[in-house]
Amino acid sequence: MASLPSVAVTGVTQKLDLEYRKFSQHYSISTDKNTNISYQRSYTSKPSEKNIDPKSLDYREALSILKESSVVESAVYVPILQECIDNYSVSEAQMIHTHVIKTGYHEDMFLMTFLINVYTKCGAMDFARGVFDKLSKKNVVTWTALITGYVRNSEPELAIRVFLELLESGAYPTNYTLGAVVSACSSLYLVGMGKQIHGYIVKYNIESDTSTGNAICSLYSKCRRFDLAVKAFRRIPEKNVISWTTMISACGDNGDAMLGLKIFVEMLLDGVEPNEFTLTSVLSLCCVMQALEFGEQVHSLSIKFGCVSNLPVKNSIMYLYLRSGKTDEAQKLFSAMETISLVTWNAMIAGYAQMMENEKNVLKAQHSGTDALNIFLKLNRSSLKPDLFTFSSILTVCSSLVAIEQGEQIHAQTIKTGFLSDIVVGSALVNMYNKCGSIEKATRAFVEMPTRTLISWTSMITGYAQHGRSAQALQLFEDMRLAGERPNKITFVGVFSACSHAGMVDQAMRYFKMMKKEYRIKPVVDHFACLVDMFVRLGRLQDAFDFIEKMEFEPNEFIWSILIAGCRSHGNMDLGFYAAERLLELKPKDFETYVLLLSMYLSAGRWKDVSKVRKLMKDENLGKVTDWSSISIKDKVHSFRPDDRSQSHSTEIYKLLDNLLDKAKSLGYASLKSLEMADEEETDKTFSSAIHHSEKLAVAFGLLNMTSGASVRVLKSSSMCRDCHSLIMYISVLTGREIVIRDSKRLHQFNNGHCSCGDFGSLL
DNA sequence: CGCTCATAAT
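Rules and cut-offs
Residues numbered from 1 in each chain as written. Chains lettered and ligands numbered in written order. Predicted model: local features only at pLDDT ≥ 70, side-chain atom pairs only at ≥ 80, totals over all residues. Heavy atoms only, no water. Buried < 20%, exposed > 50% of the residue type's maximum accessible area, 1.4 Å probe, protein only. Helix = DSSP H or I, 4+ residues; strand = E, 2+ residues; numbered from the N terminus. Pairing = 2+ DSSP bridges. UniProt positions renumbered as here; feature names shortened; annotations may be inferred. Phe/Tyr/Trp six-rings, centres within 6.5 Å; stacked < 30°, edge-to-face > 60°. Lys NZ or Arg CZ within 6 Å of the ring centre and 35° of its normal. Contact = heavy atoms within 4.5 Å. Expected span 1.5 Å × (residues − 1). Polar contact = N/O pair within 3.5 Å; in protein donor to acceptor, adjacent residues only side chain to side chain. 1 Å grid on protein atoms, 1.4 Å probe; cavity = no way out; pocket = protein on both sides within 12 Å on 5 of 7 lines; lining within 4 Å. Points joined across faces, edges and corners; volume = space filled by probe spheres on them. Nonpolar A, V, L, I, M, F, W, Y, C, P; charged D, E, K, R; others polar.

Participant: What is the right way to read the pairing of strand β4 (residues 739–742) from this model?
Facilitator: In summary, the side chains of a regular strand alternate between the two faces of the sheet. Burial along β4 is two-sided: the face carrying Ile739 and Ile741 and the face carrying Val740 and Arg742 are both buried. Note: strand β3 (residues 712–716) against β4, four bridges, orientation parallel. Bridging from a neighbouring strand, Val712 pairs with Ile739 of β4. Where β4 and strand β5 (residues 747–751) come together, four bridges link them in antiparallel fashion. Bridge pairing links Ile739 to Phe750 in β5. The loop that links β4 with its antiparallel partner β5 comprises four residues.

The following block contains the structure:
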């Protein structure tokens, strides 16, 4: 992004002050928006001619006048030029332009300004500039038209440059000019320069102009100076619908949706009628707030104010229903829409993607994911083409479903359509490959990104850490620092997780200090979880416990679980029982926490504690454990429950599993099920009494149905148990295949008898 | 006079 040198910025203010004396003498700012525009007086006309009011002249009439006579009043051009704007027709504008020159009106200030405006509105800035440069005399409106043109055509730097030229020329900026320049500052995030212009505007009382006030409010909002945006808004004496809408959407952009809704109510009480812009903004706030009932009221208002047929409004209403779980309602609206845009498709895809992310029930989440994929396929069959929003949403879906084949297809599509170079799409790709357990492809996608962002660095560091490649994770972190990118707290979660994996205590502590001192990032509970995990993996349980005791957080359910799992696998049961007591005080919410506690107490034969845990489970009213696994092959997602026999291939699946089990036993695999299986109570029956947990079935299905040698990638809803973990390691040896299982807690990449998770930690 | 300010999906 180009930014102006600070010299230029200070230059502006000096210049502005200098110009003010002249300015204040010659201009008064009119806030009267209802003045009827009269063209007659301002047109140059030949003395012999009668003045024509262009407003009473339509396009056809004007055109016929133009054809019949070579000598016309300049007003005749107006409806024709208006038509050029409406048709976005540069060529027609050029024809009129030539005509204007022939008839000698090329010095008519109004007409030429209008022509500049026509060209800018048709996207032909070169022509607009050409007209401007040829003018022997220019006034501030001419200048402003050009500046506005650059702003409109996404050339804010040029807009500001022309503004500086304007000051140089001795012309006086008006509220119109300043509004356009403020808007140019907004798109360049030049809050400093914007502030200086604001100061000027305040000083000379142009601020009371509604439009200027709106522009300033918008500037501060875009530059993330929300407090200043609110102040600017409050200072607008006569707020119009744009003022309110600007402020409401500013609330959304700056993360205060509630305030936005309050301001909307204030607006209604003020008697200002919302329009389609307002309603779309408000509906998006309702999404953020998950305020369905309020949203339904807004839906009614949309009908009342006649905006319900407006496409953005419809899209927003549909998205709101989708995000609120009213999928039927959303689908109904979707299929009832006679015209839809790409945003409609994207809203549907993003809606299902979001539902998938938020859905605790893994089966439902999976359904949402496949719904999103199906909509994406439909979009591809339609006449519209996916864009960066589509790609980033759908790649998230692929990553959540561990659908690498679909992801690769979409990767190819981003290359073809040129969206690969987009940083959001690039990060989404890196994330997708990481979540699918393909560190090689993630690395390639990362390296091929034209520029890296905080998100992509972090995603890649975390990816290395999750794949057990600690050294590479830390190397990348150092590269990131060298590149001058500032890590955030999530980056450090990746760093600590890498240290934890490799048992690098000293490194971890050094980075922990660095995070606090150098980057002023407050540790969060996830950081402590990684560090506790690190001590546990090393078997340093007492250190882990001491660390928990002295950290500046109340240990949560997750942290205690890590310690307890460690105590189990390292045989320090006293500490385990103590930690379990403390954990129970927290009344855990996660089903898997209870499974861990139960299996610990069961294996120790502590029946009293078993029933205590059971009672708490009933009190907390937890749902059933959901052991689900899925595998995505081609464009289909196949799901499995424990001991599932619903698949048509199930006979083959079980045959293969039995075969593999026998071979594994001969290599030394021993079932770890004996103790856990002793429990037959209903609550955890699905978990413990199953002969085959779901991931085994999914893996077997993959082995049977994928091209030989291809990696098998499975998504599992809960954590893997130690038994399955052990068996899959043998299967990876026996089949010579890479097997990736992403469970609810971590990624397991099995290769030739090894797993990237390090084979220990909080396995149940 | 002519020239401005605001919207939905990652």
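Participant: Where do I start with the UniProt feature "repeat: PPR" (unreviewed entry) in chain A in this structure?
Facilitator: The sites that UniProt annotates as "repeat: PPR" (unreviewed entry) are residues 139–173, 240–274 and 453–487. Taken end to end, residues 139–173 comprises 77% helix and 0% strand; its first and last C-alpha atoms sit 10 Å apart. The span residues 453–487 shows a helical share of 74% and a strand share of 0%, and its end C-alpha atoms are spaced 10 Å apart.

Participant: Explain the packing of aromatic side chains to me, please; I cannot follow it from the model alone.
Facilitator: Aromatic ring pairs are reported here in terms of the distance separating the ring centres and the angle at which the planes meet. All told, the structure shown has 22 aromatic pairs when counted by the stated rule. Centroid distance Phe132 to Trp143: 4.9 Å. Interplanar angle 70 degrees. Geometry classified as edge-to-face. On the criterion of sequence distance, the pair formed by Phe132 in helix α6 (residues 125–134) and Trp143 in helix α7 (residues 140–152) is long-range, its members being eleven residues apart. Side by side, Phe132 and Trp143 carry an identical accessibility label, which is buried. Centre to centre, the rings of Phe528 and Phe547 are 5.8 Å apart; their planes meet at 50 degrees, and the pair counts as tilted. Residue Phe528 is located in helix α29 (residues 525–537), and its partner Phe547 is located in helix α30 (residues 541–550); the two are separated by 19 residues in the primary sequence. This pair shows no difference in class: Phe528 is buried, exactly as Phe547 is. Site record: aromatic cluster; members linked through ring pairs are Phe477, Phe492, Phe496, Tyr511, Phe512, Tyr519, Phe528, Phe535, Phe547 and Phe553. Just above the ring of Trp457 sits the side chain of Arg452; from NZ or CZ to the centre is 5.9 Å. In this structure, Arg510 is placed above the aromatic ring of Tyr511, and the distance from its NZ or CZ to the ring centre is 5.0 Å.

Participant: Would you explain the environment of Phe446 in this entry?
Facilitator: Of note, Phe446 is situated in helix α24 (residues 439–447). A C-alpha to C-alpha distance of 37 Å links Phe446 and Arg161, two positions 285 residues apart in sequence. With residues near it in sequence (within four places) discarded, Phe446 still touches Val430, Arg452, Ser456, Trp457, Met460 and Leu476.

Participant: Honestly, helix α11 (residues 210–222) in this entry has me stumped. Any pointers?
Facilitator: Three- or four-residue spacings in an α-helix give side chains the same orientation, since the helix completes a turn every 3.6 residues. Given a rise of 1.5 Å per residue, 13 residues ought to cover 18 Å, and the 18 Å separating the end C-alpha atoms of α11 matches this to within 8%. Counting buried residues along α11, ten of its 13 residues qualify, which places the element largely inside the surrounding structure. Within α11, burial applies to Thr210, Thr212, Gly213, Asn214, Ala215, Ile216, Cys217, Leu219, Tyr220 and Ser221. Those residues of α11 that are buried are in contact with α9 (175–188), α10 (191–203), α12 (226–234) and α13 (241–253). The first or second residue beyond α11 is Arg224, which carries a positive phi of 60 degrees.

Participant: Honestly, the sheet that holds strand β1 (residues 629–633) in this entry has me stumped. Any pointers?
Facilitator: In any sheet, the strands associate via hydrogen bonds between backbone groups, in a parallel or an antiparallel arrangement. In space, the six strands of this open sheet follow the order β2-β1-β3-β4-β5-β6, with mixed pairing throughout. Each end of this open sheet is capped by a strand with a single partner; those strands are β2 (636–640) and β6 (754–755). Sheet topology note: the β5/β6 ladder contains two bridges and is antiparallel. The residue bridging Phe750 from the neighbouring strand is Cys755, located in β6.

Participant: In this structure, what is going on with the environment of Tyr511? I would like to understand it.
Facilitator: Among the structural elements, Tyr511 can be located in helix α28 (residues 505–517). Tyr511 gets classed as buried once you look at its relative accessible area, which sits at 2%. Sequence separation between Tyr511 and Cys499 is twelve residues; the distance between their C-alpha atoms is 9.4 Å. Here Tyr511 is in contact with Leu474, Phe477, Glu478, Phe492, Val495, Phe496 and Cys499, once residues within four sequence places are set aside.

Participant: Is there a simple way to explain the side chain of Glu592 in this structure?
Facilitator: Inspection of the secondary structure assignment puts Glu592 in helix α33 (residues 591–603). Among the residues examined, Glu592 registers a relative accessible area of 10% and is labelled buried. A distance of 2.5 Å separates polar atoms of two side chains, one belonging to Glu592 and the other to Ser719.

Participant: So what exactly am I meant to see when it comes to empty space enclosed by the protein here?
Facilitator: The gaps left among the atoms become clear once a water-sized probe is rolled over them. Scanning all chains against the criterion turns up two cavities of 30 Å³ or more. Together, His411, Leu420, Gly426, Leu429, Ala445, Glu448 and Met449 line the largest cavity. Per-class residue counts for the lining of the largest cavity are four nonpolar, two polar and one charged.

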